[in-house]
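Now for the letters of each chain:
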Amino acid sequence: GQWCEHDPGVGAGSAIREAYRILDGEAHSPELNIERADVLLTLGADLLGSATETVGLTRQYATRRGHRSGRRDFRHVHVEGNLSLTGASADVRVQATAAERGRWALQLLRRVAAASPGPAAELGRETTRTLPEDATHPAKVATIADELVRARGRALVVSGSSDPAEQVAVALLNRVLDAEGMTL
């Protein structure tokens, strides 16, 4: 026989840890708290179908969906290339390639940071200062950015990408949205 070794490469979990290492100097992976979110944006992250914590995330998602009376409505927007269980459960599903999702993360960061105060927003503005306008779904990006800003502190953005650069943009976006300590 012959010894074969499979190296799947960097996964989303590794990219998330690397993103926080870049931002904070310490690698960690935040815990998602969907139950506290009023707006959930998932960029290719199949939280309900193939995430590492699928059972717990599905329970949170179902709980949040079921508590409509007496609480703010819950809105879920999912951006993906192929249909997933999470995308099928979303209120709005937008089809986009992996490269387009990376640009979505940057464009959302640019728009949300422009409408937000604080040092994280300043870092977001500086990070995206030279970013050209992207023609991929500009109206949808603008609408979703506005929704995220209105839900500051109750918004959550999650990416399923293995690209550390996209994960940095998402981590910074969550920071600008005051998600840390609330929905993260």
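See above for the structure.
The structure reproduced in this document is the subject of the present report.

Parameters at a glance
- Residues numbered from 1 in each chain as written.
- Predicted model: local features only at pLDDT ≥ 70, side-chain atom pairs only at ≥ 80, totals over all residues.
- Heavy atoms only, no water.
- Core = buried A, V, L, I, M, F, W, Y, C linked by side-chain atoms within 4.5 Å.
- Buried < 20%, exposed > 50% of the residue type's maximum accessible area, 1.4 Å probe, protein only.
- Helix = DSSP H or I, 4+ residues; strand = E, 2+ residues; numbered from the N terminus.
- Contact = heavy atoms within 4.5 Å.
- Salt bridge = Lys/Arg side-chain N within 4 Å of Asp/Glu carboxyl O.
- Pairing = 2+ DSSP bridges.
- Expected span 1.5 Å × (residues − 1).
- Arc of directions from axis to C-beta.

### Quick notes on the nonpolar core
Stage number 1. Counting residues in hydrophobic clusters, the biggest one holds 29 residues, and the most contacted among them are Leu41, Leu43, Trp104, Leu108, Val112, Leu148 and Val157.
Stage number 2. Secondary-structure elements contributing two or more residues to this core are β1 (39-43), β2 (75-80), α4 (98-114), α5 (119-128), α6 (138-150), β4 (155-159) and α7 (164-176).
Stage number 3. Once residues within four sequence positions are removed from consideration, tryptophan 104 is found in contact with Leu43, Val79, Val94, Ala96, Thr136, His137, Lys140, Val141 and Ile144.
Stage number 4. If you look at the next biggest cluster of nonpolar residues, it comprises 17 residues, including Leu47, Leu48, Phe74 and Ala171.

### Some thoughts on the pattern of salt bridges
Stage number 1. Counting across every chain of the model gives twelve salt bridges.
Stage number 2. When the shortest N-O distance is used, the salt bridge between arginine 154 and aspartate 38 registers 2.5 Å. Placement of arginine 154 in the loop between α6 and β4 and of aspartate 38 in the loop between α1 (12-24) and β1 is noted, with a sequence separation of 116 residues between them.
Stage number 3. Several salt bridges share partner residues, and in doing so they unite Asp24, Arg175 and Glu180 into one network.

### Re the pairing of β1
Stage number 1. Among the five residues of β1, five are classified as buried, and the element is accordingly described as predominantly covered.
Stage number 2. Residues Val39, Leu41 and Leu43 of β1 are buried on one face, and the alternating residues Leu40 and Thr42, pointing to the opposite face, are buried as well.
Stage number 3. The sheet contact formed by β1 and β2 spans five bridges and is parallel. Bridge assignment links leucine 43 to a residue of β2, and that residue is valine 79.
Stage number 4. By the bridge criterion, five bridges tie β1 to β4 in an arrangement that is parallel. Looking across to β4, one finds that leucine 40 is bridged to leucine 156.

### Considerations on α1
Stage number 1. Here α1 spans 18 Å end to end across 13 residues, near enough to the 18 Å set by a 1.5 Å rise per residue.
Stage number 2. Where α1 is concerned, the buried positions are Ala15, Ile16, Ala19 and Tyr20. Viewed end-on, α1 has its buried residues packed into an arc of 135°, placing them on one side of the element.
Stage number 3. Those residues of α1 that are buried are in contact with β4 and α7.
Stage number 4. Backbone geometry just downstream of α1 places glycine 25 in the positive-phi region, at approximately 85°.

### What about α4?
Stage number 1. Relative to the 24 Å expected for 17 residues at 1.5 Å per residue, α4 spans 25 Å between its end C-alpha atoms, a close match to the ideal helical length.
Stage number 2. Residues of α4 that are buried: Glu100, Arg101, Gly102, Trp104, Ala105, Gln107, Leu108, Leu109, Arg110, Val112 and Ala113.

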